[in-house]
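Coordinates in review
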Amino acid sequence: MDAPSAGYTFEYLIETLNDSSHKKFFNVPKLGGTKYDVLPYSIRVLLEAAVRNCDGFLMKKEDVMNILDWKTKQSNVEVPFFPARVLLQDFTGIPAMVDFAAMREAVKTLGGDPKKVHPACPTDLTVDHSLQIDFNKCAIQNAPNPGGGDLQKAGKLSPLKAQPKKLPCRGQTACRGSCDSGELSRNSGKFSSQIENTPILCPFHLQPVPEPETVLKNQEVEFGRNRERLQFFKWSSRVFKNVAVIPPGTGMAHQVNLEYLSRVVFEEKDLLFPDSVVGTDSHITMVNGLGILGWGVGGIETESVMLGLPVSLTLPEVVGCELTGSSNPFVTSIDVVLGITKHLRQVGVAGKFVEFFGSGVSQLSIVDRTTIANMCPEYGAILSFFPVDNVTLKHLEHTGFNKAKLKSMETYLKAVKLFRNDQNNSGEPEYSQVIHINLNSIVPSVSGPKRPQDRVAVTDMKNDFQACLNEKVGFKGFQIAAEKQNDIVPIHYEGSEYKLSHGSVVIAAVISCTNNCNPSVMLAAGLLAKKAVQAGLHVKPYIRTSLSPGSGMVTHYLSSSGVLPYLSKLGFEIVGYGCSTCVGNTAPLSEAVLTAVKQGDLVTCGVLSGNKNFEGRLCDCVRANYLASPPLVVAYAIAGTVNIDFQTEPLGTNSTGKNIYLHDIWPSREEVHQIEEELVILSMFKTLKEKIEMGNKRWSSLEAPDSVLFPWDLKSTYIRCPSFFDKLTKEPVALQPIENAHVLLYLGDSVTTDHISPAGSIARSSAAAKYLTNRGLTPREFNSYGARRGNDAVMTRGTFANIKLFNKFVGKPAPKTIHFPSGQTLDVFEAAELYQKEGIPLIILAGKKYGSGNSRDWAAKGPYLLGVKAVLAESYEKIHKDHLIGIGIAPLQFLPGENADSLGLSGRETFSVTFPEELSPGITLNIKTSTGKVFSVIASFENDVEITLYKHGGLLNFVARKFS
C-alpha cells in the first residue's frame, strides 16, 4: 500500500497564510479560476481533500480534474474522498473494532505482521452512545437487568490497571472565570459523588446540580452489564494507534462530535485544511450545520478509511436549497426540520448533496442548522451542508474556541473561498437544481403514526388520527371498526382509576438524537412544563415518560434555568445519556396498561422527540408513534391522548375546574431566546471538554489487556472472533456462479434496516435467546442486541428477527419463513441454518427502497452469515447497497418497470445466475429459474472499486490481503 507522498502533484499550490500564524495551506482556487468560483461549497471541500491527498496512486490527478469539472461530470464519474477523521459510536463501533482485532489474527495467519493493522487516520470512539433504560420514575423500584452472565465469569483478560489517556486538544480555551473545577472536584466529596458521571460544573458560571437517582442507577447498571465490552474498547485504545476513546457518561456520538470533536478547520504539522468526517452513525450529518462535510457510512466503509483507503462516491449532484422569509413565532426548529424534510422528499434528493443558501440561512442559528442537517437521512440526501459564515464563527466563539484560532480559521476559509457571505458580490454557486422554501409557509406539525415522512399539521391531528383508525392497515391505517372506535377500557393504577381509549398516550419521551443540540426546543419544553405545573396540570402516572439528553450540557441549562424540577414533576425525569426509547430500549409498560390494550385492541400511542418512529420500534403493543418537538411531547403527555384539537379542547383542568388550553402555557419565542442567550455560554462547552479529558473513576480503574492480539475468551457471549476471515486465501478466487438458490425471504417495499438488523432487547423465544440460554445465561442476563454486536453468533440469530417483518411467504408480520425442501415454517435463522447444512445458497426478493433507514452494517453482515449470496430488489437505499457489496453480497436490481409480480415469480422457484469474468458497472445479467423462466437484471455495481471489492469477497478480505 506504499505510495508517493500525498499532495506531491500539487505542491506548487502550497502557500503561507497571510496572517501572523505562518501556517501553510493549499490555495486550491488558483487551480480552477472561474471553474472553482461556481462550484458548490461542499464540492470545494471534496476538491481540497483531493488536491491535498493526490499521490498518483489512491488519488489520481484525473480524480482532481473530475471534481474541478463537477458541472459536467456530476453523476457520471466515481471519485475518492479522504475524510480528515472517523467517528465510531459504541453499538456500531464494537463490530468495527472486533473486525480490526480479527483482521490482526487473519494477517498473522497469512504470514503478515499484525502490528501493521491499525487506523491510519484519527479515530474517535464514543462509548455511551446507546443506553438501555432500567430505571425511570415508574420503575425505580424494579430490579434491573444485571447482565451478570459473562461478566461474572470473565476473568481471562489481563489484569492491567488502566492508565488515563489524554485526548488531543480540540482548540477550545479554558474557563474565563476565576475557578478551578478540578480543585473543586478534589476538595468536595459530596460534589464528586453526586455527579461523578456528568460534566463537572464550573461554579463561576453555574451552580452544581446533583443528578437524579435514575441517572446514577442506570449508569451503574450499564457499567456492570457492559464491563466486557468496555474492556475491549480500552484494549483497542491501547494497541491501535490514532484511536481515542471518549469515556462513558459523556454523551452520544453525534452530540460529542458536534460539541467537542469538531475542528471546522484541521491543523496538522502547520498545514490547514477543512475538517471532514465519516462514521458509523447516520446522524454524523449533523456537523454539516457547522460547515463540516460529513456523513454516515457503514462499519465496513469506515474501516477502509481507518486503514488509509478513501471513501468512494459518485460525484454527486448538489441541490441548492434557497431559504427565504422567517418562521412563525409558534414554529420550533423541529417544525422547520419536518417542513424541509417533506419538501425535499417531494422534490427527490436521494443520493445527492443538499446545500443551503439565501437570506433565510442567516436567520437560522447553528443549533437550528445542525437539527436540519441531522434529518437529511430521512429525505434521502447524502448530506445537507451549511457553509461557514459569521453565524458559525460567533457560535464557535461561544463554545470556547480560541480567538486567535478563530481569526486564522476565518482568514484561511476566506482565502480558499469556503466562507459564505450574504453580501457575496460574486454571486451564489451554480447548482444541479435549485429549490425554494419560504420559512413563512411552515406550520407546527408532528409525523406519524408509522413513518417519519408522514407529516401532520397539529391543527389537523385529531381528524388525521380518526382517519387512520378508519383506513385499511397500511402505512397509516389501523382499520378499526367504526363501532369500536369510541371504546373505553378502564384501568386501575396506583390506587386510582383511569380510562384508556384509541389515541391514549402511553409513552412520552424527550430523547436525544435530534434535539439535544438545540437548546431552544428543549428549553421550550421545560418552560411549558413549568407553566403547566403552575397552572395545576399533571401527567397521568401510567404514561412512561422519560428525558434522555445526548449530553450533560442539556442537563445544565435545564437545571440552571429552573425548569428541570417541573419536567421531573410531570414525570420527565432524566434517565441517562444516549439512545434509549428511540431504539426500543424503553422500560416495560405496566401490566394494567398492557392488559387494557389487549382487551380493547386499542391503538395506543407513543410520542417522542426523535427522528424514527417505524411501527413496533418503541414497544410491541404501541401501534401509533408520533415524532414531535419536545414541547409538544410534553403537551400530548399532559393531554394523555393524541385524539385532541389543541385549538378548541383543553389540555386539562386545574384544581378549581378551570380549563387550561395549550395557548395558555405555550412559551413565547422571546422567552425561550432570552434564556437561551443567558445559558448557552462558554461554560457549557468547557465542562464537556473537562469531563472528556478527566474521564471518570469507573473508566480509569477498568482493567484491560495490552497484547498485540486480543485474548479471545471462548466462553464469552459478548466478544467473539467473527468468521468473516475463516476461508480467506492469500489471493482471491474466480467469481463463482450462484446456482439453484432458494429464496430465504420474499419482502415488499420500504423494508428498513430496522427490519433486517438486530436491535433492542432479545426476545425470550428468539433464536438468539436459545443460543444464550444454551450457554447458561438467564433471560435477565440477555442484555440487548446492541450490547452483543461483538458476537457474530448472537447477531446472526437476531437478523430478520423483527416482529413487524412482513414475509410474503408467511402472509403476516412475523420473523418467520418457509424452508422449502421440508415445507416447515421456521424462524429465519433456523431455516437459513438448514439451508447451509444442505449446501443451498440463498437470495432475498424485495421491492422498492430495500434497506432504507439508519446505516447498519449488521443489516448486511447478518444476511451474509445466514448464507445470502444476492439480493434482488426494485431499488435500494444507497448506504445499505454499499454495505451489501462491502460484505460480498451481490446487489441485483430488476429492470425498470419490472418486479417479482410482473415477472410472475412466486419466490418458491430456485434461481441461478452466472457472473462474467469481466464485470462492469451496471452490467445486465440473466437469471434462470427452476421453472425455465429467464429474465434480465442489473448488477447494481456503480464503479470499478465496488467490483474489485466484490471479487475479493468484500472489503474486509480485500484489506486483509493488502496487509498479508
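Residues numbered from 1 in each chain as written. Predicted model: local features only at pLDDT ≥ 70, side-chain atom pairs only at ≥ 80, totals over all residues. Heavy atoms only, no water.

**Notes on the overall build of the chain**
Filter applied, for reference: Working definition: helices are DSSP H or I runs of at least four residues, strands are E runs of at least two. Numbering for both runs from the N terminus. Burial here depends on accessible area, computed with a 1.4 Å probe over protein chains only, as a share of the maximum for the residue type. Under 20% is buried, over 50% is exposed, and the range in between is partly exposed. Contacts between residues were defined by any pair of non-hydrogen atoms, one from each residue, lying within 4.5 Å. In short, Shrake-Rupley with a 1.4 Å probe defines the accessible areas, and a residue's cover is counted only from the protein chains shown.
Secondary structure summary: the chain contains 36 helices and 34 strands in total. Looking at the chain as a whole, 63% of its 964 residues are labelled buried. Of the contacts formed within the chain by residues at least 6 apart in sequence, a portion of 76% connects residues at least 24 apart. Counting only carbon and sulfur atoms, one obtains 50% of the accessible surface of the chain, whose full area is about 34,300 Å².

**Let's talk about the nonpolar core**
Put simply, the rule reads: Within this scheme, the nonpolar core is defined by two criteria: the residues are buried Ala, Val, Leu, Ile, Met, Phe, Trp, Tyr or Cys, and they are joined through side-chain atoms within 4.5 Å.
In terms of nonpolar packing, the biggest core is built from 190 residues, with Phe232, Trp295, Phe353, Leu744, Phe800 and Tyr850 touching the most fellow members. Not counting chain neighbours up to four residues away, the residues in contact with tyrosine 850 comprise Leu747, Val751, Ile756, Phe800, Ile844, Val871, Ala873, Ser875, Tyr876, Glu877, His880 and Leu884. With 76 residues, the next largest nonpolar core counts Cys468, Ile480, Val603 and Ala639 among its residues.

**Quick notes on the pattern of salt bridges**
Just so we agree on the cut-off: Any carboxyl oxygen of Asp or Glu within 4 Å of a side-chain nitrogen of Lys or Arg constitutes a salt bridge here.
The full count for this structure, using the stated rule, is 28 salt bridges. Measuring nitrogen to oxygen at the nearest pair gives 2.4 Å for the salt bridge that ties lysine 30 to glutamate 15. Highlighted residues: lysine 30 in helix α1 (residues 29-32) and glutamate 15 in strand β1 (residues 14-16), separated in sequence by 15 residues. Owing to a relative accessible area of 57%, lysine 30 belongs among the exposed residues under this scheme. Ionic pairing is found between aspartate 792 and arginine 720, a salt bridge with its closest N-O pair at 2.8 Å. Of this pair, aspartate 792 sits in helix α31 (residues 792-798) while arginine 720 sits in the loop between α28 (697-700) and β26 (738-746), and the two are 72 residues apart along the sequence.

**Looking at the packing of aromatic side chains**
For the record, the criterion: The criterion for an aromatic pair is that two Phe, Tyr or Trp rings (for Trp, the six-membered ring) have centres within 6.5 Å, with stacked assigned to planes under 30 degrees apart, edge-to-face to planes over 60 apart and tilted to the rest. Our definition puts a charge over a ring when NZ of Lys or CZ of Arg is within 6 Å of the ring centre and also within 35 degrees of the ring normal.
One pass over the full model with this rule turns up 23 aromatic pairs. An aromatic cluster of three or more residues is present, and its members are Phe100, Phe232, Trp235, Phe240, Phe710 and Trp712. Positioned above the aromatic ring of phenylalanine 273 is the side chain of arginine 52, whose terminal nitrogen or guanidinium carbon lies 3.8 Å from the ring centre.

**Describing the environment of alanine 860**
When you line up the elements, alanine 860 lands in helix α33 (residues 858-866). Take alanine 860: its relative accessible area is 0%, and that puts it in the buried class. For the pair alanine 860 and serine 757, spaced 103 residues apart in sequence, the C-alpha separation works out to 8.0 Å. Non-local contacts of alanine 860, meaning those with residues more than four positions away in its chain, are made with His880, His883, Leu884, Ile887 and Ile889.

**Digging into the environment of alanine 704**
The residue alanine 704 is located in the loop between α28 and β26 in this model. Judged by relative accessible area, alanine 704 falls into the buried class, the value being 0%. Sequence separation between alanine 704 and tryptophan 235 is 469 residues; the distance between their C-alpha atoms is 5.6 Å.

**A few points about the layout of surface pockets**
What counts is decided by this rule: Using only the protein atoms, space was sampled on a 1 Å grid; points where a 1.4 Å probe fits but cannot get out form cavities, open sets with protein on both sides within 12 Å along at least five of seven lines form pockets, and lining residues are those with an atom within 4 Å of a point. Grid points are joined across faces, edges and corners, and a volume is the space filled by probe spheres set on the points. Polar here means any residue outside two lists: the nonpolar Ala, Val, Leu, Ile, Met, Phe, Trp, Tyr, Cys and Pro, and the charged Asp, Glu, Lys and Arg; Gly therefore counts as polar.
Considered as a void within the structure, the second largest pocket measures approximately 1,300 Å³ in volume. The wall of the second largest pocket is formed by 39 residues, among which Lys727, Tyr864, Gly867, Lys869 and Gly888 lie closest to the centre. Secondary structure elements with two or more residues in the lining of the second largest pocket: β26, α31, α32 (828-837), α33, β30 (868-873), α35 (944-951) and α36 (955-963). Across the lining of the second largest pocket, the residue classes break down as 18 nonpolar, eleven polar and ten charged.

**Some points on the sheet that holds β30**
To keep things clear, this is the line we draw: The pairing criterion for strands is at least two bridges between them, as found by DSSP. Axis angles are defined between N-to-C directions and span 0 to 180 degrees, where every axis is a line fitted to C-alpha atoms and, for a helix, only to the segment in contact.
Read around the barrel, seven strands follow the order β26-β29-β30-β31-β34-β33-β32 and close on themselves; strand pairing throughout is mixed. When the angles between neighbouring strand axes are averaged without regard to direction, this sheet yields 40°. Where strand β29 (residues 842-845) and β30 come together, four bridges link them in parallel fashion. Bridge pairing in β30 links leucine 842 to valine 868.

**Some thoughts on the environment of glutamate 430**
Going by this rule: Definition of a polar contact: a pair of N or O atoms within 3.5 Å, with one able to donate and the other able to accept a hydrogen when the atoms are protein atoms, and with sequence-neighbouring residues admitted only if both atoms are side-chain atoms.
Mapped onto the fold, glutamate 430 is located in the loop between α17 (403-415) and β15 (433-438). Residue glutamate 430 is classed as partly exposed on the basis of its relative accessible area of 31%. Note: C-alpha distance between glutamate 430 and proline 40 (390 residues apart in sequence) is 6.5 Å. When residues no more than four places from it in sequence are discounted, the contact partners of glutamate 430 are Val38, Pro40, Trp70 and Lys71. Of the polar contacts made by the side chain of glutamate 430, one reaches the side chain of lysine 71; its length is 2.6 Å.

**Quick notes on α36**
Of all nine residues in α36, eight are buried; the element is thus mostly enclosed. Burial in α36 covers these residues: Leu955, Leu956, Asn957, Phe958, Val959, Ala960, Arg961 and Phe963. Next to the buried residues of α36 lie α6 (90-109), α13 (299-306), α34 (878-887) and α35.

**Examining α13**
Taken across its eight residues, α13 has eight buried, putting it largely inside the fold. By the burial criterion, the buried members of α13 are Gly299, Ile300, Glu301, Thr302, Glu303, Ser304, Val305 and Met306. The positive-phi residue at the C-terminal boundary of α13 is glycine 308, with phi of around 90°.

**Thoughts on unusual backbone geometry**
Most peptide bonds take the trans form, and the phi angle of most residues other than glycine is negative. Note the cis peptide between glycine 448 and proline 449, where omega equals 10°. By secondary structure assignment, the location of proline 449 is in the loop between β16 (445-447) and β17 (455-457). One non-glycine residue, serine 75, adopts positive backbone phi at about 70°. Looking at the secondary structure, you find serine 75 in the loop between α5 (70-73) and β3 (78-81). Judged by relative accessible area, serine 75 falls into the partly exposed class, the value being 35%. Phi is positive for asparagine 740, which is not a glycine, with a value near 55°. Checked against the element boundaries, asparagine 740 lands in strand β26.

Any link to function would need more than the numbers given here.
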